[in-house]
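# Structure assessment
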Amino acid sequence: MFHKMESVTNVMEYETLAKEKLPKMIYDYYASGSEDQWTLQENRNAFSRILFRPRILVDVSNIDTTTSVLGFKVSMPIMVAPSAMQKMAHPEGENATARAASAAGTIMTLSSWGTSSVEEVASTGPGFRFFQLYVYKDRNVVLQLVKRAERAGFKAIALTVDTPRLGRREADIKNRFVLPPHLRLKNFEGLDLGKIDKTDDSGLASYVAGQVDRSLSWKDVKWLQTITHLPILLKGVLTAEDARLGVEAGAAGIIVSNHGARQLDYAPATVMALEEVAEAVNGRIPVFLDGGIRRGTDVFKALALGASGVFIGRPVVFSLAVDGEAGVRKVLQMLRDEFELTMALSGCRSIKEITRNHITTPWDPPRITPRL
């Protein structure tokens, strides 16, 4: 494995290596999307239809990739998305991911369904961390979780809003997906909600049907603000209408997400929905994107379309599977290096210099060349 590791030159290669290494049930759980997996492909394909308008003869001897997210300074606008059950990928799971994100100077988001608890992740050392929240039918469970995240020093709540029910992930149904018996959803261990039992279906789908609240609505976003002082990001917004409602509801930010193409198939690629959301928000709160980021060029394109930053999911779990903490560090470093190079070759020295004029999209009106 070691010689292969040395020769990894891009993020996509980790997926190939992870597929060789992981049991099929686990690889399929991480890799698959819902139903026809059209959105899964489209999350990637959409980026390839956005092209650059690079500006030349700009002094790019100094490039600054730093930015701030909800007031927290990060080394780059690339952060770690919440991915569930990371100890299926590697024994150190979320703890390794937390250390890698911290070393890279960026934010990690811990999933509600982590195989490490908020306390365990906090104990890995310093770093800015967000907590992704699923709202359970038992609101007391939610209250306890949020309070524990606060006490553990987490800086924001990323509320998942696109999962009243779990998407139909046919690989998980075929494999009868279940959390391996030696693992637990650590945040729920003491609440007797830490196990995912084997069923004739996807074990996770059955768990969600039993525990997650389908009645979740805007009033619950308001309720959440009464139980925590932490800023709340709405994760899973794809339309201008919901973006506006989110701003009105007091959200601190929006994450344009289709849940890694694991929920509603034929939802648009996130980068196709991004500009609509950013325009509706109109700078009132920051807008982020996840889904399909595999290159530094993708990061630049998202920022040019109005995102303040991006989150990466699958690249983290695949690199974690292949090489633990070092793998995740390498993915974050590769993306940062590629992003910095894209900035230089586009003539941008800082994040604020990246503009809509640096890209062209299929939906742009035809350009009229000005007469000289």
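Since this is a predicted model, take the numbers as computed values, not measurements.

Thresholds, definitions, all that
Residues numbered from 1 in each chain as written. Predicted model: local features only at pLDDT ≥ 70, side-chain atom pairs only at ≥ 80, totals over all residues. Heavy atoms only, no water. Buried < 20%, exposed > 50% of the residue type's maximum accessible area, 1.4 Å probe, protein only. Helix = DSSP H or I, 4+ residues; strand = E, 2+ residues; numbered from the N terminus. Pairing = 2+ DSSP bridges. 1 Å grid on protein atoms, 1.4 Å probe; cavity = no way out; pocket = protein on both sides within 12 Å on 5 of 7 lines; lining within 4 Å. Points joined across faces, edges and corners; volume = space filled by probe spheres on them. Nonpolar A, V, L, I, M, F, W, Y, C, P; charged D, E, K, R; others polar.

### A word on the pairing of strand β8 (residues 232-237)
Here β8 lies mainly inside the structure; six of its six residues are buried. Bridge count for strand β7 (residues 156-160) against β8 is four bridges, and the pairing is parallel. Bridge pairing in β8 places I157 opposite I232. Alignment of β8 against strand β9 (residues 253-256), held across four bridges, turns out to be parallel.

### Let's talk about empty space enclosed by the protein
Going through the model one piece at a time under the given rule, you end up with two cavities of 30 Å³ or more. Its volume calculated, the largest cavity comes out at about 420 Å³. Lining the largest cavity are 28 residues; nearest its centre among them are P82, S83, H259, G260 and R262. Counting only elements with at least two residues in the lining of the largest cavity, the list comes to α3 (24-31), β11 (309-312) and α14 (314-346). Per-element accounting of the lining of the largest cavity gives the leading share, three residues, to α14. When the residues that make up the lining of the largest cavity are grouped by side-chain class, the tally is 13 nonpolar, nine polar and six charged. In this structure, the second largest cavity encloses a volume near 40 Å³. Looking at the lining of the second largest cavity residue by residue, the classes come out as six nonpolar, one polar and two charged.

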